[in-house]
Amino acid sequence: MALLEKINKTNVPKHVAIIMDGNGRWAKKKGMMRIFGHQNGVKAVRASLEAAVKTGVQNLTLYAFSTENWNRPQAEINALMELLVDTINGELKTLNENSIRLHTIGNTTSLPQKCQTKLQEAINNTKHNTKLNLILALSYSSRWEITNAVKNIAKDVAEGKINADQIEEKTIGQYLNTSQFPDPELMIRTSGEYRISNFLLWQLAYAELYFTETLWPDFREDDFYTAILDFQKRERRFGMTTEQITA
Ligand code: FPP
């Protein structure tokens, strides 16, 4: 039986977040430059989008470039930015054909102007699509996001827009970049690294974490389905007992 058919469509995570890791190592194993790994990583992005649409996942966040990635060699940064623009150019039609809406989170004003323009075009161009939200985390780090949220909350308190005593967990969520999306229920990280790396720290509070040895450029639809099937085996207790949740 194909893996896709084994998935229970009534229990699919509403939001899947992926740390796409291992591009550099994949390229090195082939004796190629790191950028070759990133270029092949685009195939895995495409496969994940296809798998998300087929399974009915409504939100997919991809960690495409972290705040810390600005410390990489300038040539790799430039190549990644170019790849981002090329990928958007190449995939826009497919996004629209599959009703995929593009969003970004992160400090996108720090991206090169060409990237910002291209992203904005694609965001506008896909804004009526409803099947899947593709959320690209770009120049993103969770501590940056939380710091900003705290600053903005403090400003709104100072201006009397909100009352400090009325700040709830929900309020914090509303000040994060992800305010319009549900929290991820499943986080996948490839390449055998077991870290969260400053990714959606607040939002992943109750997410199931799934780690695979597969390097990102090798990640395909079946790998996505395997992660979903693993998620469906987990018992999500949210701090309660097994008896409570099965009652
Ligand atoms: C991590 O692998 C990957 C990145 C920092 C970049 C991810 C980018 C892509 C997959 C390409 C474009 C994506 C989109 C959405 C257009 P790494 O370089 O850290 O690998 P390593 O740990 O083996 O060195």
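Scroll up to find the structure this text is about.
Read on for an overview of the structure. What you see is a predicted model; the values in this text were computed from it and never measured.

What follows deals with the pattern of salt bridges. All chains considered together, the criterion is met by 14 salt bridges. With a closest N to O distance of 3.4 Å, Asp21 and Arg25 form a salt bridge. A relative accessible area of 17% means that Asp21 is categorised as buried. Given a relative accessible area of 35%, Arg25 falls into the partly exposed group. Salt bridges sharing common partners tie together Asp21, Arg25, Arg189, Glu193 and Arg195.

Let us now look at the pairing of strand 1 (residues 15-19). Most of strand 1 sits inside the fold, with five of its five residues counted as buried. Looking at chain direction, strand 1 and strand 2 (residues 59-66) are connected through five bridges and run parallel. Each bridged residue has a counterpart across the sheet, and for Ala17 the counterpart in strand 2 is Thr61. Taken together, the four bridges between strand 1 and strand 5 (residues 186-189) define a ladder with parallel strand orientation.

The six strands lie next to each other as 3-4-2-1-5-6, forming an open sheet whose pairing is parallel. At either end of the open sheet lies a strand with only one pairing partner, and these are strand 3 (100-105) and strand 6 (208-211). Neighbour to neighbour, the strand axes of the sheet diverge by 20° on average, direction disregarded. Strand direction decides the pairing type here: strand 5 and strand 6, joined by four bridges, are parallel. Bridge pairing links Arg189 to Phe211 in strand 6. Sitting on the sheet, helix 5 (residues 113-125) is in contact with strand 3 and strand 4 (132-140), with an inclination near 140° to strand 3.

Moving on, we get to the site of the ligand. The ligand sits among 17 residues. The nearest are Asp21, Gly24, Arg25, Arg34 and Arg72. Asp21 is positioned with one of its side-chain polar atoms (N or O) 3.0 Å from an oxygen atom of the ligand. Within the side chain of Arg72, one N or O atom sits 2.8 Å away from an oxygen atom of the ligand. Calculation on the ligand without its partners gives an accessible area of 620 Å², and the protein chains cover 91% of this total. A total of four residues in the shell around the ligand trace back to one element, the largest contributor, which is helix 4 (residues 74-97).

Conventions adopted
Residues numbered from 1 in each chain as written. Predicted model: local features only at pLDDT ≥ 70, side-chain atom pairs only at ≥ 80, totals over all residues. Heavy atoms only, no water. Salt bridge = Lys/Arg side-chain N within 4 Å of Asp/Glu carboxyl O. Buried < 20%, exposed > 50% of the residue type's maximum accessible area, 1.4 Å probe, protein only. Helix = DSSP H or I, 4+ residues; strand = E, 2+ residues; numbered from the N terminus. Pairing = 2+ DSSP bridges. Axes fitted to C-alpha atoms, helices over the stretch in contact; angles between N-to-C directions. Contact = heavy atoms within 4.5 Å. Near = heavy atom within 4 Å. Polar contact = N/O pair within 3.5 Å; in protein donor to acceptor, adjacent residues only side chain to side chain. Areas by Shrake-Rupley, 256 points an atom, 1.4 Å probe, with all protein chains shown as cover.

The values reported here are purely geometric and, on their own, carry no functional implication.
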